[in-house]
Each structure stands twice: as structure tokens, then as C-alpha cells.
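Secondary and tertiary structure notes
Residue-level listing of the chains:
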Amino acid sequence: ANVSRDAGASREAEDLAVDIADSNETLQLAVAMLGGRRANAGAMCSNRCFLNLGFSGSDCECSIHGGWYMWICKKYQGSPMPWQYCESGRCDGCKAPELPKAPETSEPPLASTPAPSPPPASTPAPSPPPASTP
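First things first, this report covers the structure right here in the doc. (Residues numbered from 1 in each chain as written. Predicted model: local features only at pLDDT ≥ 70, side-chain atom pairs only at ≥ 80, totals over all residues. Heavy atoms only, no water.)

**Comments concerning the sheet that holds strand E3 (residues 79–87)**
The condition that has to hold: A pair of strands counts as paired when DSSP detects no fewer than two bridges linking them. Think of it this way: any DSSP run of H or I at least four residues long counts as a helix, any run of E at least two long counts as a strand, and we number them from the N terminus. Every axis corresponds to a line fitted to the C-alpha atoms, with the helix fit spanning only the stretch in contact, and the corresponding angles, defined between N-to-C directions, vary from 0 to 180 degrees.
In space, the three strands of this open sheet follow the order E1-E2-E3, with antiparallel pairing throughout. Two strands close off the open sheet at either side, each with one partner strand: strand E1 (60–65) and E3. Shown here is a sheet whose adjacent strand axes are inclined to one another by a mean of 20 degrees, direction ignored. With six bridges connecting them, E1 and strand E2 (residues 68–76) associate as antiparallel partners. Looking across to E2, one finds that Cys60 is bridged to Cys73.

Structure representation (C-alpha cells):
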């Protein structure tokens, strides 16, 4: 009974070793493919046309789709914004977001007030009357 149990355990160990070898081969293939994609990504994503539109370097991410890519801009100058999807060559589809306009007021602008006049120069006190003689 022990011999058959040991043979079964040995068979399970062999199956596990084959599975690990297959997994390792698959992993190596995936790493090789990913490495190639990363190398290609550098060449594909080198046109950072979004910078010409006022975006910062970290505002947009390169998104690769087989033989083509696009930029996905999630921020503008570091501030979150609705996502924009930009064509890779000239960044068609992306633009700087409109800045909010200052609220309009119905009050006319305040007129400037003139500076206050300096106080009048003081006048000397009158001289006492001449002394009378007896």
C-alpha cells in the first residue's frame, strides 16, 4: 500500500514539476513580449504633442493599442479635468480647458476718489497792539 501511495505522490510531483516548467515558459514568453512592447512604446510615445497645448509632462498618459497609440489627458497643468483622448500625431481631440470666467457684476466700477487736500497753512497769530503811552 505504501509503494502505491509513494508512486502516486511521485506522479503528482512530476505533474507539478511539468506545470511549473510550463508556467515558467509562459512567464518568460510574457516578459519577452512585454519587454518588446515597452521598447516599442518608447518609440511610439515619443511625440508628446500635448505639451504644445499647455499640458504638463505628467498630465497625459500614452495608451498603446497594437500598432497605434493615443494620449489620454486626465489633468491640465496638474489639476484634474474631464479626460480627453488625443490623436497621436497632432493631438487632435485635445485642447486646453477653458478657464472659468470672472462673474459679471451689475454695479458700475467705483470711481476713484481724489486724494484729500492738505490742510491750509497756518497763519501767524496777530501781534499784540502797541503799548499805550500816558
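More follows now that the structure is in view.
**Regarding the state of the cysteines**
Our working rule: Working definition: a disulfide is two cysteine sulfur atoms within 2.5 Å of each other. Note on classification: 1.4 Å probe, protein chains only; a residue is buried when its accessible area is under 20% of the maximum for its type, exposed when over 50%, partly exposed between these limits.
This structure, assessed with the given rule, holds four disulfides. Each sulfur in the disulfide pair Cys49 and Cys91 lies 1.8 Å from the other. Handedness here is read from the sign of the S-S torsion; for Cys49 and Cys91, about 80 degrees, the answer is right-handed. Placement of the pair is Cys49 in the loop between helix H1 (2–44) and E1 and Cys91 in the segment after E3, with a sequence separation of 42 residues. Take Cys49 and Cys91: they sit in the same class, and that class is buried. Through a disulfide, Cys60 is tied to Cys73; the S-S separation comes to 1.9 Å. Residues Cys60 and Cys73 are joined through a disulfide that is right-handed, its torsion about the S-S bond being 105 degrees. Here Cys73 lies in strand E2 and Cys60 lies in strand E1, a separation of 13 residues in the sequence. Judged by relative accessible area, Cys73 falls into the buried class, the value being 0%.

**Some details on the nonpolar core**
Rules: As used here, the term nonpolar core means buried Ala, Val, Leu, Ile, Met, Phe, Trp, Tyr and Cys residues forming a set that is joined through side-chain atoms within 4.5 Å.
Membership of the largest hydrophobic core comes to 15 residues, with the highest contact counts inside it found for Phe50, Phe55, Trp71 and Cys73. Of all the elements in the fold, those that place two or more residues in this core are E1, E2 and E3. With four residues, the top contributor of residues to this core is E2.

That is the geometry; function is a separate question.
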